[in-house]
Structure formats: C-alpha cells, structure tokens
Amino acid sequence: MIGMHEASPSVTTQTTEQRLRVIDSHTGGEPTRLIIAGGPALTGSFDDQITAFQSQHDRLRVALCTEPRASEICVGGLLIPPTDSHLTAGVLFFNHVGYLGMCGHGTIGLVTTLAWLGRIAPGTHRIETPVGIVSAELHTDGRVSVTNVPSYRYAHRVSVRVPGYGMVTGDVAWGGNWFFICEDHGRTLDRSHLQTLVAFSVDLRQALTNSGITGAQGAPIDHIELLGPAGAGCDAKNFVLCPGNVYDRSACGTGTSARLACLVAEGRWTAGKRYRVQSIIGSVFEGTVRQINGEVIPTITGQAWVTADSTLILNQSDPYCFGLT
C-alpha cells in the first residue's frame, strides 16, 4: 500500500514556508503533477480525507495547477492511503477549477511515476479513486493498461440547440466523468482549428446546462467529446473539452471509456476488439471492453513519461503563492 506520507515529511524552513515534492509526467501530451511529499496530514476514511482536502486545503489545488507555478492544462493528483491494505494507492485528481471523479491519463501518469520512484514493479495494481476502484497493469515496456469503473450510455441521441450553431445531437455517457459525445458537430478536428473547437464546445456545454440536460441524478455534464475521422491505423479522432475550458492533449481515458460504452450499446463494438483513438495532437490510446453481469468494463492503454522531479516552495508572504486571483 502506497500513501503520500510514506515519503519524507514536509520540510519547513520558516513559519510561512511549505515545500511540496511533486513528480511531473505527461501521458500522450497531457500533463499530470503528483504530490509525493509535503502535503497535509489527512486522517479518517478515504472519503473523509477527500472531504478534508477539498474543504480545508483547496488552495493547494490552486497552487499546483495555476499560474505562477503551472498553467490551466495541468492536472494534479494527491496520493491518499487507500482504505484497504491490499490496494496499491489512493488518489484524488484535480485541475485549475475543481475536482475530477476519475482521470485516465492521470492514472497512467500515477502508475508511471510510482514505477519511476521504484515503489512498484510491472504487474497489476489496484487504485482507489472517488468513483471506485480501478486496476492498472504496468507492462514491462512501460505502457499502462487501466481497467476503469463500469461505463454506460445514459441517454441516446439527445438534441440541443446551440446558439449560433443550430441543433446538435449526441449521447450522454459515463466513463468516470460525464460526457456529451457528438459526431454531427460539423467541425474539422485539426490543431489549426483549436480556437473554434474550444469556442464551439464551450457553447455546446452551456447549451446543455441551459436546457437542463444532465447525467444521472442531475449530475452536470462537464466534458464534451467531439468525434471525427482519424488517420490510418486508428478508428476515430477526438477533441475533448475538459472542465475549465481547456482541451485534453491526450485521447482522454474516461472519454474513451464513455465512447466504448456507447459503441457497445449500439451493437457496434464487441468484447476484446481493439479500439484505437487519436487525440487532437495525434497521440493514441487503445481501448477494449469486456462485459460482466451486463456492465461494460473498459480498459484503456497508453504510456506516460516522467518530465520533472521538483520541490515547490509555497511562501505565504508571496501575494501570488496560491494563484493570481
């Protein structure tokens, strides 16, 4: 079992200064920053620790994922001791605007980071997240296969009028986060069109909110996934807008999980068949599904690389210590 406090404790050089050791990685171009040491001493159950971090230490999220230490594309992660000693780790993912239920690229980054630190070896590792336990297989070649929480299509062919664009139709699906998955968007999925893709997806998400279109139990749909044709060797290309109006550089693990659930629901995909999806920058995830007791269980494979081992210094006399706002 791996917890944040297994590493060296926080180093304090003066009363107003805190130091955090973080490991940065990227998965298919999408960054992850994991707190390894120096974070708050949390106690209680897994859920209690998440609640305490969110309510009492939220400014650490802002410090890690926003200027002046980072940019809005950074996804942060906090290692939390899991509730079961047979689990490898627990993790809470977050970004510059809030918290994520699950993060596919971040889980790949987490496993790669733990391997780089020498804390785990190739094999299967079970990880606790706010939406459930996932398993991740670290392969000997460095790739990681994440078997996600059960994913499903919640609503089929939902239409919404987007001001300035007209009617748009797509599926609402769960893959660890809530997605609106759309093929009839009429946009060109190319890096040269990033500004228009972001603007369209922001307006589409707002139209869903204004129209009262949600996930299960009124959960807000905070991710938009646009699909289009891909290059040779891939089944699709995607553009994913994440919370905070930033786009995913990777092919999005939870989005790919949600898409596979929709394909299975339509009878267009079968267990064991490989799905290759290309991100807007060209990086690729591979996905497969299996069905257990009627539930769709996706597995997403990708690779991450460690990019930095750093000490962040948080000095409370700095007016921008916890972000620019």
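Keep in mind that what you see is a predicted model, and the values were worked out from it rather than measured. (Residues numbered from 1 in each chain as written. Predicted model: local features only at pLDDT ≥ 70, side-chain atom pairs only at ≥ 80, totals over all residues. Heavy atoms only, no water.)

A. Quick peek at the overall build of the chain. Counting its secondary structure elements, the chain contains five helices and 17 strands. Computed over C-alpha atoms, the radius of gyration of the chain comes to 19 Å, within 12% of the 20 Å expected from 2.2 N^0.38 for 325 residues, which places it in the range of a compact globule. Evaluated residue by residue, the chain yields a buried proportion of 56% over its 325 residues. Across the chain, every contact between residues at least 6 apart in sequence was considered, and the portion connecting residues at least 24 apart equals 64%. Per element, the accessible surface of the chain, about 13,500 Å² overall, is 48% carbon and sulfur. Distance between charge centroids for the chain: 4 Å, based on 23 positive and 27 negative side chains. (Helix = DSSP H or I, 4+ residues; strand = E, 2+ residues; numbered from the N terminus. Rg over C-alpha atoms; globule rule 2.2 N^0.38 Å. Buried < 20%, exposed > 50% of the residue type's maximum accessible area, 1.4 Å probe, protein only. Contact = heavy atoms within 4.5 Å. Areas by Shrake-Rupley, 256 points an atom, 1.4 Å probe, with all protein chains shown as cover. Lys, Arg positive; Asp, Glu negative; His and termini not counted. Charge placed at Lys NZ, Arg CZ, Asp CG, Glu CD.)

B. Structural detail: helix α4 (residues 194–210). Relative to the 24 Å expected for 17 residues at 1.5 Å per residue, α4 spans 24 Å between its end C-alpha atoms, a close match to the ideal helical length. Within α4 the residues assigned to the buried category are L194, L197, F200, S201, L204, R205, A207 and L208. An end-on view of α4 places all buried positions within 155° of arc, on one side of the element. The outward face of α4, more than 90 degrees from its buried face, is lined by the exposed residues Q195, T209 and N210. Looking at the buried residues of α4, the elements they touch are β9 (152–162), β10 (166–174), β11 (178–182), β12 (223–228), β13 (236–242) and β14 (246–247). G212 sits one or two residues past α4 and shows a positive phi near 75°. (Expected span 1.5 Å × (residues − 1). Arc of directions from axis to C-beta.)

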